[in-house]
Amino acid sequence: MRRRSAVKTLALAAGSTLVGRNLAQGAAPKRGVVDGGAVDTPAILVDTTRCLGCRMCERACAEANGLPEPPKSVEPGVVRDTSETQWTVVNRFETENGPVNVKRQCMHCLQPACASACLTKAMHKTAEGPVTWDPDKCMGCRFCMLSCPFDVPKFEYDSPNPRIMKCQMCWSRLEEGEVPACVQNCPAKAIVFGPRSEMLELGRERIYASPEKYVHQIYGEHEAGGTSLLYLASVPFEQLGFRTDLSTESYPALTTEFLYSVPLVDIALPVFLLGLAKAAKGRHEPESEVDR
C-alpha cells in the first residue's frame, strides 16, 4: 500500500504546484465577478423575524435531494450543524428579544474558498451562481472542508463510496426554472428567492420601513466577499451563531495576494520534495501481498 500512498502524495504535490502557478499568474478576482463577467447571481433572503420554526424547509430539502427525513423533534437549546445527511437546519436561539429561529445552509459565496481550494474543480462555482460538487472529479482531498469559513461541506466518513455533501441551491430545480425546495415550501414566506441585487434591495426596504424591528445590517452582503445567502435579524448576528469576525475581502483574493508575495518555489518545493521522499522510500521497501 505504500506505493499507492506515494503516488497520491506526488499527485497532490503536482496539483499544489499547478494551483499555485495559476493563482500567481492571474489577478485577484473582483467581487461579484464569475468567469470574467458580472453576474447578478440568484440569492436567498432569509428574514429571521418571520421564521416560525416549523422546519418545513428541512423536510422539503430532504425530499428534494433524497436525504433521510430530519428528526421530528429537537431538544430545546440544541444548536445543530448541517451534516452529510441534512443540508439545511433550523435552530432556535434565545436572544435579548426573545426566541429567534434561524435557517442555516451553504452560503454560496460569490468567490467561494471551497472552489478555489479544490485541485480538480470538483467543487465549482457555476456561471449562474450556485456552488455545486461533481463526484466524477473529486479526488477526496477534502481541502474544501478545510477552507470554508462557514464549515459547510461535510464528508461521508461511514460510506464505502464517500461524497462531499452540502446544499447546491437545488441546482437541478433552477435549471428547470423552479425555485429551491426550501423557498417553495416556507409557509411564512420567511425565505425569498431572486436575483441578488433584488434581494439586497428588498432587505434594505424592510429595514427602512421598520427600523426599530431590524438590525441595520444584511448579513452576507459583504462577509467573506459577499454571499448568496442573505439574512435579516432583529438582534446582532453574533447572538444567532453567525461569524462576525470575517473579512469583507473574499478568501481566494487574500490567498492570491499571499502567493504574489511568496516565490512559487518556496510554496511548492517542500510539498514536491515530500512526495519524492515517500516515493523513494517505497522503492526500497519490500512489496506487500496487496502490492503484488
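What you are looking at is a predicted structure, and each value in this text was computed from that prediction instead of being measured.

Right, let's talk about the state of the cysteines for a bit. One pass over the structure, following the stated rule, counts 0 disulfides. Of all cysteine sulfurs, the one in cysteine 114 lies closest to cysteine 144, which takes part in no disulfide; the gap is 6.5 Å. Free cysteine: cysteine 186, not disulfide-bonded; nearest cysteine sulfur from cysteine 54 at 6.1 Å. The exposure class assigned to cysteine 186 is buried, which follows from its relative accessible area of 10%.

All right, on to the side chain of glutamate 156 then. With respect to the helices, strands and loops of the structure, glutamate 156 is situated in the loop between strand E8 (154-155) and strand E9 (164-165). Overall, glutamate 156 belongs to the buried group, its relative accessible area being 12%. Discounting chain neighbours no more than four positions away, the residues touching glutamate 156 are Glu84, Asn161, Pro162, Arg163 and Met165.

Here we come to empty space enclosed by the protein. Counted according to the given criterion, the structure contains 4 cavities of 30 Å³ or more. Empty space within the largest cavity amounts to approximately 120 Å³. Lining the largest cavity are 17 residues, with Cys51, Cys54, Cys57, Cys186 and Ile191 positioned closest to its centre. When contributions to the lining of the largest cavity are tallied by element, the ones reaching two or more residues are helix H2 (56-65) and strand E5 (98-104). Among the elements that line the lining of the largest cavity, the one with the most residues is E5, at 3 residues. For the second largest cavity, the calculated volume is near 100 Å³. Forming the boundary of the second largest cavity are 13 residues, of which Cys61, Asn65, Cys167, Cys170 and Cys182 lie nearest the centre. When contributions to the lining of the second largest cavity are tallied by element, the ones reaching two or more residues are H2 and helix H6 (181-184). In terms of residue class, the lining of the second largest cavity is made up of 8 nonpolar, 4 polar and 1 charged.

Enumeration over the complete set of coordinates arrives at 10 salt bridges. Linking glutamate 156 and arginine 163 is a salt bridge whose minimum nitrogen-to-oxygen distance equals 3.0 Å. Between glutamate 178 and arginine 173 there is a salt bridge, and its shortest N-O distance comes to 3.4 Å. Connected through salt bridges with shared partners, the residues Asp47, Arg50 and Arg206 form a single ionic network.

Calculation rules
Residues numbered from 1 in each chain as written. Predicted model: local features only at pLDDT ≥ 70, side-chain atom pairs only at ≥ 80, totals over all residues. Heavy atoms only, no water. Disulfide = S-S within 2.5 Å. Buried < 20%, exposed > 50% of the residue type's maximum accessible area, 1.4 Å probe, protein only. Helix = DSSP H or I, 4+ residues; strand = E, 2+ residues; numbered from the N terminus. Contact = heavy atoms within 4.5 Å. 1 Å grid on protein atoms, 1.4 Å probe; cavity = no way out; pocket = protein on both sides within 12 Å on 5 of 7 lines; lining within 4 Å. Points joined across faces, edges and corners; volume = space filled by probe spheres on them. Nonpolar A, V, L, I, M, F, W, Y, C, P; charged D, E, K, R; others polar. Salt bridge = Lys/Arg side-chain N within 4 Å of Asp/Glu carboxyl O.

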